[in-house]
Amino acid sequence: MRATGTIQPVRFLGVQVPRMSGQQSGRLTLTRLVPNGSQVRTGDVIAEFDRTEQLDKAREAQAKFDALSHQVAQRAAQNRAEAAKRAADLATARADLAKAEIELRKGPLLAELVRLAAEVRLADARERVASLEKSGRFRDEAAAAALRILELQRDRQKVSLERALRNAEMLQIKAPLDGMAVLENIWRNNTMGQAQEGDQLWPGQPLVRIFDPSEMEVRVSVGEPDGAVLVPGARAEVYLDAYPNMVFQARFESASPAAASPLGSPIKTFAARFRLERGNPHLLPDLSAAVVIYPPEGGKS
């Protein structure tokens, strides 16, 4: 049975213009791009965009973060000093209260005026202790709240710093796998073409596709009446339209479980995949191919 199909890689990944977090100004300027058809390894830089704005934001956020970190440390030290002073004042007030209570115990031995003065001092000492205890709690809460505000501001600047650094890192795109880099066609200068250094691109635009040329397959559409040949063990011979003198052997990999048809068409087909047994430099994605499929019983191998 004969069919037509296209060559596709088994392992491939598409790379897009990065979408950065936070407020964005729009398009990104491409400053570096790997040549079309280049062999790349995992981790190689394949594209880079202008990072000046993000690096400036990172430096500004770093300066604010350092300043707020210093303010947090300074405020924490101030809170400790003020708390120690309040504790000392409260200890002094409690000592005065204890002294006034001791003086009042001498009441039977003291003159009336002296005793009344001791009672007044005792009442004042009690009120001062109560006032210092109450105000101390409020001051501790206020100091903790002021420190927490500074900590939140510092943490927010830390998030801004990390976001700017992450965005700057995203603007340098690295290869996610070993393989060949193929530039995608995009709309530029009122026509379709490959991106070039200096172009301004929108986030999310396709940029590069990287595929592993060592593992390729052919994807074919088989008519519904001929779907019986799509069984395990089926084999195929693949002829490239661009290189008609070359023949490649392939084995059946998988097929769609049900036939489907395009909208408005009564013809239904099965989508099938045949894995090519050997790699070849001539096997490139999207090449059209003629495929001769042989059933497992009595077919060619």
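On a predicted model such as this, the values are computed, not experimentally measured, just so you know.

To continue, consider the overall build of the protein. For the protein, the helix and strand inventory stands at two helices and 16 strands. Its C-alpha radius of gyration of 39 Å places the protein more than 25% over the 19 Å reference for a compact globule of 301 residues. In terms of overall dimensions, the protein has C-alpha extents of about 130 × 45 × 40 Å along its principal axes. Buried positions account for 33% of the 301 residues belonging to the protein. The contacts of the protein with a sequence gap of at least 6 include a subset with a gap of at least 24, amounting to 77%. Of the accessible surface of the protein, which amounts to about 18,100 Å², a share of 52% is contributed by carbon and sulfur atoms. Across the protein, the mean location of the 42 positive side-chain charges is 4 Å away from that of the 38 negative side-chain charges.

This part takes up the pairing of strand β9 (residues 191–194). Direction of pairing for strand β8 (residues 185–188) relative to β9: antiparallel, over a ladder of four bridges. Its bridge partner being in β9, W187 is matched across the sheet by M192. Hairpin geometry of β8 and β9 is characterised by an intervening segment of two residues between the two adjacent antiparallel strands and by a positive phi of about 55° at N189.

Turning our attention to the confidence of the model for the protein. Confidence along the protein averages 86 in pLDDT terms, with 93% of residues attaining 70 or more. Ranking the elements of the protein by mean pLDDT puts β8 last, at 83, and strand β5 (residues 45–49) first, at 93.

Our focus in this paragraph is the side chain of S38. Examined against the element boundaries, S38 turns out to sit in the loop between β3 (28–33) and β4 (39–40). Side-chain polar atoms of S38 contact the backbone oxygen of P35, separated by 2.7 Å. Apart from the residues within four sequence positions on either side, S38 is in contact with G179, M180 and A181.

Membership of the largest hydrophobic core comes to 26 residues, with the highest contact counts inside it found for I7, L230, V238 and F274. Those elements that provide at least two residues to this core are β1 (2–9), β12 (216–223), β13 (235–240), β14 (247–255), β15 (269–276) and β16 (288–294). Once residues within four sequence positions are removed from consideration, V238 is found in contact with I7, V218, M246, V247, F248, A250, L276, A289, A290 and V291. Residues M20, A175, A195 and I210 belong to the second largest nonpolar core, which totals 23 residues.

Next up on the list: the sheet that holds β16. Pairing is antiparallel in the closed barrel, where six strands are placed in the order β1-β12-β15-β14-β13-β16. On average, each strand axis in the sheet is tilted by 40° relative to the strand beside it, whichever way the strands run.

Take the sheet that holds β5 next. Judged by pairing direction, the sheet is antiparallel, and its four strands sit side by side in the order β6-β5-β3-β10 without closing on themselves. The open sheet is flanked by β6 (172–174) and β10 (200–201), the only strands paired with a single partner. As judged from the three bridges shared by β3 and β5, these two strands associate in the antiparallel manner. Within β5, the residue paired with L30 across the bridge is F49.

Another point: the pattern of salt bridges. A full pass over the atoms with the stated rule returns 18 salt bridges. In this structure, R51 and E48 form a salt bridge, with 3.7 Å as the shortest nitrogen-oxygen distance. Here D56 makes a salt bridge to R59, at a shortest N to O gap of 2.3 Å. With D56 and R59 both in helix α1 (residues 52–104) and three residues apart, this pair spans about one turn of that helix. On the basis of relative accessibility, which here comes to 36%, the residue D56 falls in the partly exposed class. Look at the salt bridges and you will find they share partners, linking R32, E48 and R51 into a network.

Moving on, we come to the environment of S131. As for its position among the elements, S131 is in helix α2 (residues 112–170). Taking the C-alpha atoms as reference, S131 lies 49 Å from K57; in sequence the two are 74 residues apart.

One non-glycine residue, D286, adopts positive backbone phi at about 75°. Considering the arrangement of structural elements, one finds D286 in the loop between β15 and β16.

All right, on to the environment of P18 then. With respect to the element layout, P18 can be found in the loop between β2 (12–16) and β3. On the basis of relative accessible area, P18 is assigned to the buried category, the value being 9%. Between the alpha carbons of P18 and L28 there is a distance of 8.9 Å; along the sequence they are 10 residues apart. Not counting residues within four places of it along the chain, the set of residues in contact with P18 comprises L28, F49, M170, L171, I173 and P203.

Rules behind the numbers
- Residue indices follow the written sequence of each chain, beginning from 1 at its first position.
- pLDDT decides what is reported in this predicted model: residues at 70 or higher carry local features, side-chain atom pairs at 80 or more are listed and counted, and totals for whole chains, interfaces and linings draw on all residues regardless.
- Excluded from the side-chain calculation are hydrogens and water; included are all heavy atoms of the structure.
- Think of it this way: any DSSP run of H or I at least four residues long counts as a helix, any run of E at least two long counts as a strand, and we number them from the N terminus.
- Here the globule rule is a power law, 2.2 Å times the number of residues to the power 0.38, and the radius of gyration is based on C-alpha atoms.
- A 1.4 Å probe rolled over the protein chains alone gives each residue an accessible area, and that area as a share of the maximum for its type sets the label: buried under 20%, exposed over 50%, partly exposed in between.
- Contacts between residues were defined by any pair of non-hydrogen atoms, one from each residue, lying within 4.5 Å.
- Every accessible area reported is derived by Shrake-Rupley at a probe size of 1.4 Å, with residue values counting cover from the shown protein chains alone.
- A residue counts as positive if it is Lys or Arg and as negative if it is Asp or Glu; His and the chain ends are not included.
- One atom stands in for each charge, and that atom is NZ of Lys, CZ of Arg, CG of Asp or CD of Glu.
- When DSSP finds two or more bridges between a pair of strands, those strands are recorded as paired.
- As a per-residue measure, pLDDT reflects the predictor's confidence and takes values from 0 up to 100.
- Definition of a polar contact: a pair of N or O atoms within 3.5 Å, with one able to donate and the other able to accept a hydrogen when the atoms are protein atoms, and with sequence-neighbouring residues admitted only if both atoms are side-chain atoms.
- Side-chain atoms within 4.5 Å are what join buried Ala, Val, Leu, Ile, Met, Phe, Trp, Tyr and Cys residues into a set we call a nonpolar core.
- Axis definition: a line fit to C-alpha positions, over the contact stretch in the case of helices; interaxial angles, taken between N-to-C directions, run 0 to 180 degrees.
- When a carboxyl oxygen of Asp or Glu is within 4 Å of a side-chain nitrogen of Lys or Arg, the pair counts as a salt bridge.

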